[in-house]
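Overview (structure and organization)
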Amino acid sequence: MFRTVHGDASSADKATRKVGGVYVREPVFEVPVWWLAIRRFFGFFGLAGRKAAKHPVLSSLIALAAWLRIALGSSAFGWLLVGVLLTLSAWAVLHWASFERMVRFPVVSAWRRWFVYERRWHATMAVCGLAVLYGDLEYVPSLRQVRSTRFVDRVIVDMVSGQIPEQWENQAPALAHTFGALSCRVRTVKPRRIALEFMHADPLAATVKPGQLDTDDESHSVDRMPVNLAALPLGVCADGQPWTLRLTTHVLIAGASEAGKGSVVWALLRALGPAIRTGYVAPWVLDPKGGMELSFGEPLFQRFEADSYEGMARMLEDAADLMDRRTRLLRGVARQHIPTPDEPLVLVVVDEMADLTSYCPDRAIRQRIASALSRLLSKGRAAAVHVVAALQDPRKDVLPFRDLFPVRICLRVTEASHVDMVLGDGARDRGATCDLIDPELAGVGFVTVAGVREPVRVRATYHSDSDIAAMVERFKPLIHDAIPAQRSHDLDGKEVDKL
Ligand SMILES: Nc1ncnc2c1ncn2[C@@H]1O[C@H](COP(=O)(O)OP(=O)(O)OP(=O)(O)O)[C@@H](O)[C@H]1O
């Protein structure tokens, strides 16, 4: 390797280099200044050429502008610029969405790529330990692409050989701070390639209003299931897409007090509204908190229990018996019960599961509840008897059947360890920082989605009391317009103990 030095700088000390931990002295050649000037001159054009090749659209635009300026003269070129600006402004006013997609986001992406990321890339990689030293060479992960949207910069990176996404996940907070983002999430794109998602504004900061998701048709057909159980809209995801839930199995909603569990339950009932109205879905609701949360929706429910543990145990046993009956009928005929108004999907909603499994003072009733729940959770899926349970404390001694809920939603929790208890091992490391959710952001949480390794950040729709009243009026079942939700003791005429 030759180094060019001139004048007094050509001391033996300056030609010493560290190679693979060993100091080596290299030969020193003195070169004339005119040679250095020529090298610098061509070096500059070489660099400009490489930059132009890297940003072909921008460099073509600059070249076109320069050519037009020369060909048209300054005054015609000035008018042309004014015309272009007016056209762009008209486009932005008339169709903001396409203007954003085709003009604003590409320009912002190019700007942020250079100004935010490229300028600090090498130093950041070195400081965060993501650049790799091998021999005397330093290998730096290459920044391939930056795509900016209103809230997120998606930075595509090719990792250095020997790296894994987990190394980047460990450095995610440092990367977020360095690049001035609220958070950084790491997603695997394909082997060796990852996407760093830097959130620079929170898309979930604003409350999601129910009208934003209102797409169901007013007719509420009775000939077929009027909602798509595989994609019930509950809110929005951090990337602005609707957050939908696949209701083909049991769902656990975990979160500290005031985390917004109630809003997820109401959003689900709202999404099922047309099916409740036409009788395809029958909510059986248990509100052990004395009906504080769910009694507003009583006209929507086929059964409702808020006053007695005995009544709640009986309701769960009835659900488990119904499930067994359906399973027997299905045997050898079909693998999945198809809900109809005569044999609807039964949605067993439990607000605060721990009240039933741990806090109920009567040991015998607690055991009956545990046994009915474990029967339901282990096989209610095929019989279309699904349990949706809200829970404050996800520890195993509070809810022993935690693992029997295939779908889990984790809102704000009080301890980092609770996240993995709800979403599964490693979920927090993969970005589900539910313990860091701002208490102001009720209804915000993380969910795991099939086929996606990283948990997705979501916010549930919020229904105010008047929204709930309107929902109840609109979706109360056609067939029991005049019949209130049944309590367990209504079914056999016996009096029951009160909570
Ligand atoms: N999705 C949401 N968007 C905006 N605000 C919400 C949302 N969900 C809840 N809130 C606000 O947070 C408050 C508490 O919500 P909620 O009662 O649903 O919490 P919770 O987790 O069920 O609490 P608890 O377990 O104590 O009953 C609500 O009164 C409301 O003001």
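Residues numbered from 1 in each chain as written. Predicted model: local features only at pLDDT ≥ 70, side-chain atom pairs only at ≥ 80, totals over all residues. Heavy atoms only, no water.

Now for the UniProt feature "binding site: ATP" (unreviewed entry) in the protein. As annotated by UniProt and renumbered to match this structure, "binding site: ATP" (unreviewed entry) occupies G255, A256, S257, E258, A259, G260, K261 and G262. Considering the arrangement of structural elements, one finds G260 in the loop between β13 (251-254) and α6 (261-277). Residue classification places G260 among the buried positions, given a relative accessible area of 15%. (UniProt positions renumbered as here; feature names shortened; annotations may be inferred. Helix = DSSP H or I, 4+ residues; strand = E, 2+ residues; numbered from the N terminus. Buried < 20%, exposed > 50% of the residue type's maximum accessible area, 1.4 Å probe, protein only.)

Before going further, it helps to examine the sheet that holds strand β9 (residues 183-190). What the four strands build is an open sheet, ordered β7-β8-β10-β9; its pairing is antiparallel. Edge positions in the sheet fall to β7 (142-148) and β9, since each has one partner strand and no second. Shown here is a sheet whose adjacent strand axes are inclined to one another by a mean of 20°, direction ignored. Of the strand pairs in this sheet, β9 and strand β10 (residues 193-199) are connected by seven bridges, and their pairing is antiparallel. When the bridges of β10 are listed, R185 appears paired with E197. Contacts between helix α4 (residues 96-127) and the sheet are confined to β7, β8 (152-158) and β10, with β7 contributing the most and set at about 145° to the helix. (Pairing = 2+ DSSP bridges. Axes fitted to C-alpha atoms, helices over the stretch in contact; angles between N-to-C directions. Contact = heavy atoms within 4.5 Å.)

Take the packing of helix α2 (residues 56-72) against helix α3 (residues 74-94) next. Look at α2 against α3: their axes get within 7 Å of each other, and the N-to-C directions meet at 135°. Our classification of the angle between α2 and α3 gives oblique. Considering only the axes of α2 and α3, their crossing is right-handed. Only S74, A76, F77 and L80 of α3 make contact with α2, whose side of the interface consists of A65, L68, R69 and L72. Residues belonging to the contact of α2 with α3 are distributed by class as follows: six nonpolar, one polar and one charged. (Parallel < 35°, antiparallel > 145°, perpendicular 65-115°, else oblique. Left-handed = near helix turned anticlockwise from the far one by under 90°. Nonpolar A, V, L, I, M, F, W, Y, C, P; charged D, E, K, R; others polar.)

The biggest cluster of nonpolar side chains holds 44 residues, and the ones touching the most others in it are W243, L247, L272, L347 and I409. I409 has contacts with W243, L245, V251, L252, I253, A254, V264, V422, F446 and V447, leaving out every residue within four places of it along the chain. (Core = buried A, V, L, I, M, F, W, Y, C linked by side-chain atoms within 4.5 Å.)

Counting across every chain of the model gives 14 aromatic pairs. Ring geometry for Y117 versus F179: centroids 5.0 Å apart, planes at 50°, classification tilted. Here the residue Y117 occupies a position in helix α4, and F179 occupies one in the loop between α5 (165-178) and β9, the gap between them amounting to 62 residues. Among the aromatic residues, ring-to-ring pairing joins F41, F42, F44 and F45 into one connected group. Over the ring of W114 we find R119, and its NZ or CZ is 6.0 Å from the ring centre. The aromatic ring of W284 is capped on one face by R303, whose charged end is 4.7 Å from the ring centroid. (Phe/Tyr/Trp six-rings, centres within 6.5 Å; stacked < 30°, edge-to-face > 60°. Lys NZ or Arg CZ within 6 Å of the ring centre and 35° of its normal.)

Turning to the site of the ligand, a few remarks are in order. Around the ligand sit 18 residues in total, of which S257, E258, K261, K289 and A460 are the nearest. A distance of 3.1 Å is found between a nitrogen atom of the ligand and a side-chain nitrogen or oxygen belonging to S263. Take Q392: an N or O atom from its side chain is 3.0 Å from an oxygen atom of the ligand. Sorting the residues of the shell around the ligand by element identifies α6 and β20 (456-460) as the ones contributing at least two each. Looking at the shell around the ligand, the element that brings in the most residues is α6, giving three residues. (Near = heavy atom within 4 Å. Polar contact = N/O pair within 3.5 Å; in protein donor to acceptor, adjacent residues only side chain to side chain.)

Turning to helix α11 (residues 465-475), its buried residues number three or more, namely I468, M471, V472 and F475. Buried residues along α11 cover an arc of 100° about the axis, so they all sit on one side. Of the exposed residues in α11, the ones pointing more than 90 degrees away from its buried face are S466 and E473. On its buried face, α11 is in contact with α6. (Arc of directions from axis to C-beta.)

Time to look at the pattern of salt bridges. Summed over the entire model, instances satisfying the criterion amount to 20 salt bridges. A salt bridge links D153 to R112, with the shortest nitrogen-to-oxygen separation between them at 2.5 Å. Here the residue D153 occupies a position in strand β8, and R112 occupies one in helix α4, the gap between them amounting to 41 residues. In this structure, D153 and R112 share a single accessibility class: buried. (Salt bridge = Lys/Arg side-chain N within 4 Å of Asp/Glu carboxyl O.)

Attention now moves to α5. In this model α5 runs 19 Å from its N-terminal to its C-terminal C-alpha over 14 residues, within 8% of the 20 Å that 1.5 Å per residue would give. Taken as a whole, α5 carries its principal kink of about 55° at Q171; the proline P173 stands between one and four residues after it. Among all positions in α5, only P165, W168, E169, A172, L175 and A176 are buried. In this fold, the buried residues of α5 make contact with α4, β8, β9 and β10. G180 sits one or two positions beyond α5 and adopts a positive phi of about 65°. (Expected span 1.5 Å × (residues − 1). Bend = angle between axes of the 7 residues up to and from the residue.)

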